[in-house]
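Residue-level structural notes
Now for the letters of each chain:
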Amino acid sequence: MGNIIGTGFNSGSIDGELESLESDLRRLAGLGADTVELALTSIDLIAGGRIIKERADRLAALTGQFDFRYTVHGLVSSNFMDPETCRYQLEAAKALVQLCDRIGARILVQHGGFLRADQLSDRAGADEREREALLELAEFARPYGVRIALENIFTTEPGQYRQTPAEIAGTVRALNHPNVVALIDFSHAYIESTYRGLDFREQLRAMAPVAGHLHVHDSFGRPQGFYTGYFLQENTAMGIGDLHMPLGWGDIDWESIFSELEFLPRTVLMMEIGRRYRHEQPESLEMARRLIALNDRSLAAD
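First things first, this report covers the structure right here in the doc. (Residues numbered from 1 in each chain as written. Predicted model: local features only at pLDDT ≥ 70, side-chain atom pairs only at ≥ 80, totals over all residues. Heavy atoms only, no water.)

**What to know about helix α7 (residues 200-207)**
Spacing of three or four residues puts side chains on the same side of an α-helix, whose turn is 3.6 residues. Going by this rule: Three exposure classes are used, based on accessible area relative to the maximum for each residue type with a 1.4 Å probe and protein chains only: buried under 20%, partly exposed in between, and exposed over 50%. Put simply, DSSP H or I for four residues or longer makes a helix, DSSP E for two residues or longer makes a strand, and each gets a number counted from the N terminus. Here the arc refers to the set of directions running from the helix axis out to each C-beta atom. In protein, a polar contact requires one atom able to donate a hydrogen and another able to accept it; more generally it is a pair of N or O atoms within 3.5 Å, and residues adjacent in sequence count only if both atoms are side-chain atoms.
Considered for burial, the residues of α7 that qualify are F200, Q203, L204 and M207. Looking straight down α7, one finds its buried side chains confined to an arc of 100 degrees; they lie on one side. In this structure D199 caps α7, since a side-chain oxygen of it lies 3.1 Å from the backbone nitrogen of R201.

Here is the structure:
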């Protein structure tokens, strides 16, 4: 077996209740996915950094019904660079680590941080603030065997401070902690590379040696800018923004990328291609498995 150990799709609640998550998990089990990334913050499981026991018990009972490998997406709004909310975020993230352990998930996704254009006085210490928070979270996660996967995001507003994909990799290297890995979101890297005039493939090469988790979905790498479509599908029609399309719908050269790059052991290829594309998910699952085989250096050596 190569360094990529499984693949599947993200899932979460659409109404804050566990029943809608259960319905989607049953559907994904029917597709044959072996791994699911749970958006646990789409459900009221944590209040003020404290786990709500009754709901956590129900979550554990639900996830235990399926033979999935689980990973967990942390706060989608996560931002350890923000001085005002960093402590609250850490408390919630620690609770999420405990929930990960409860359901057997060994990856917790944390978004790379950012500052708004008007947070000029906070900018000098932003990188260090994020590193300190990540280190505290990683030390908390160590006895649980949970790895924190730091994800590269893309610039979302003018004047925003945000690390490039290569700088995210630099943060992971600087921490040098066994419970912190980089998470490559290929489409995010593509969009940010276009926006900043960076070499997309060089950014991926910088991240790959420290990457222990992958987010895969297709796009054309075109920044959103100020365009707003009336329907979500209008963005897709124009190829603009963070589209989360099925594999093959955009122009990312997946086969070339997975033929070249090598990732850390125990990496999961997680497709963020949601139930909006449920009819296309089976084909994307087949393609993901081909990419895993392509990336398996042991097979290439035979």
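Back to the text.
**Notes on the pattern of salt bridges**
Where we set the bar: Salt bridge criterion: a side-chain nitrogen from Lys or Arg within 4 Å of a carboxyl oxygen from Asp or Glu.
Applying the stated criterion to the full structure yields 18 salt bridges. One salt bridge connects K53 with D57, and the closest N-O pair in it is separated by 2.8 Å. One end of the pair, K53, and the other, D57, are both in helix α2 (residues 53-63), four residues apart, so they sit about a helical turn from each other. The exposure class assigned to K53 is exposed, which follows from its relative accessible area of 59%. Measuring nitrogen to oxygen at the nearest pair gives 2.7 Å for the salt bridge that ties K94 to E136.

**Re the pairing of strand β6 (residues 107-111)**
Put simply, side chains in a regular strand alternate between the two faces of the sheet. For clarity, the threshold we go by: Paired strands, as defined in this entry, are two strands with at least two bridges between them according to DSSP. For the handedness criterion, the strands are oriented away from the viewer, and a crossover whose path from the first strand over the helix to the second runs clockwise is classed as right-handed.
When you tally the buried positions in β6, you get five out of five residues, the bulk of the element. Side chains I107, V109 and H111 project from β6 onto one buried face, and the interleaved L108 and Q110 project onto a second face that is buried too. Summarising the sheet, strand β5 (residues 69-73) and β6 pair through two bridges and their orientation is parallel. Residue pairing across strands places V72 opposite L108, the latter belonging to β6. Traced from β5 through helix α3 (residues 86-103) to β6, the parallel crossover comes out right-handed. Judged from the five bridges that link them, β6 and strand β8 (residues 147-151) form a sheet pairing that is parallel. Across the sheet, L108 pairs through a bridge with I148, a residue of β8.

**Topic: empty space enclosed by the protein**
The line we're drawing: Space inside and on the surface of the protein is sampled on a 1 Å grid over the protein atoms alone, with a cavity defined as a set of points where a 1.4 Å probe fits but cannot get out and a pocket as an open set with protein on both sides within 12 Å along at least 5 of 7 lines; lining residues have an atom within 4 Å of a point. Grid points are joined across faces, edges and corners, and a volume is the space filled by probe spheres set on the points. In this classification, Asp, Glu, Lys and Arg are treated as charged, Ala, Val, Leu, Ile, Met, Phe, Trp, Tyr, Cys and Pro as nonpolar, and every other residue, Gly included, as polar.
Scanning the entire structure with this criterion turns up two cavities of 30 Å³ or more. Its boundaries defined by the atoms lining it, the largest cavity holds a volume of some 40 Å³. Lining the largest cavity are G74, L75, S78, F80, Q89, A93, L96, L108 and Q110. Looking at the lining of the largest cavity, the elements that each hand over two or more residues are α3 and β6. Considered class by class, the residues forming the lining of the largest cavity number five nonpolar, four polar and no charged. Taken as a whole, the second largest cavity spans an internal volume of roughly 30 Å³.

**Concerning the nonpolar core**
For the record, the criterion: As used here, the term nonpolar core means buried Ala, Val, Leu, Ile, Met, Phe, Trp, Tyr and Cys residues forming a set that is joined through side-chain atoms within 4.5 Å. Note on contacts: a residue pair qualifies if any of its non-hydrogen atoms lie within 4.5 Å across the two residues.
One finds F186, F258 and F263 to be the most contacted residues of the largest nonpolar core, which totals 74 residues. When residues in this core are grouped by element, the largest group, eight residues, is from α3. With residues up to four places along the chain from it excluded, the contact list for F258 reads I4, F186, L214, V216, F263, L269, L291, L294, N295 and R297. Grouped together as the second largest cluster of nonpolar side chains are five residues, I107, V109, V181 and L183 included.

**A closer look at the side chain of S78**
Topologically, S78 is positioned in the loop between β5 and α3. By relative accessible area, S78 is classed as buried at 3%. Within the local environment of S78, its side chain forms a polar contact with the backbone oxygen of L75, the two atoms lying 2.8 Å apart. In contact with S78, other than residues within four places in its own chain, are Q89, Q110, H111 and G112.

**A look at the packing of aromatic side chains**
Note the following rule: Centres within 6.5 Å are what make two rings of Phe, Tyr or Trp a pair, Trp counting through its six-membered ring; a difference in plane orientation under 30 degrees is then read as stacked, over 60 as edge-to-face, and the rest as tilted.
Taken as a whole and assessed by the stated rule, the structure comprises 10 aromatic pairs. With a centroid separation of 5.6 Å and an interplanar angle of 40 degrees, the aromatic rings of F186 and F258 are classed as tilted. Taken together, the positions of F186 in helix α6 (residues 186-196) and F258 in helix α9 (residues 254-260) put the pair 72 residues apart, joining distant regions of the chain. Looking at F186, the relative accessible area reads 0%, which means it is buried.

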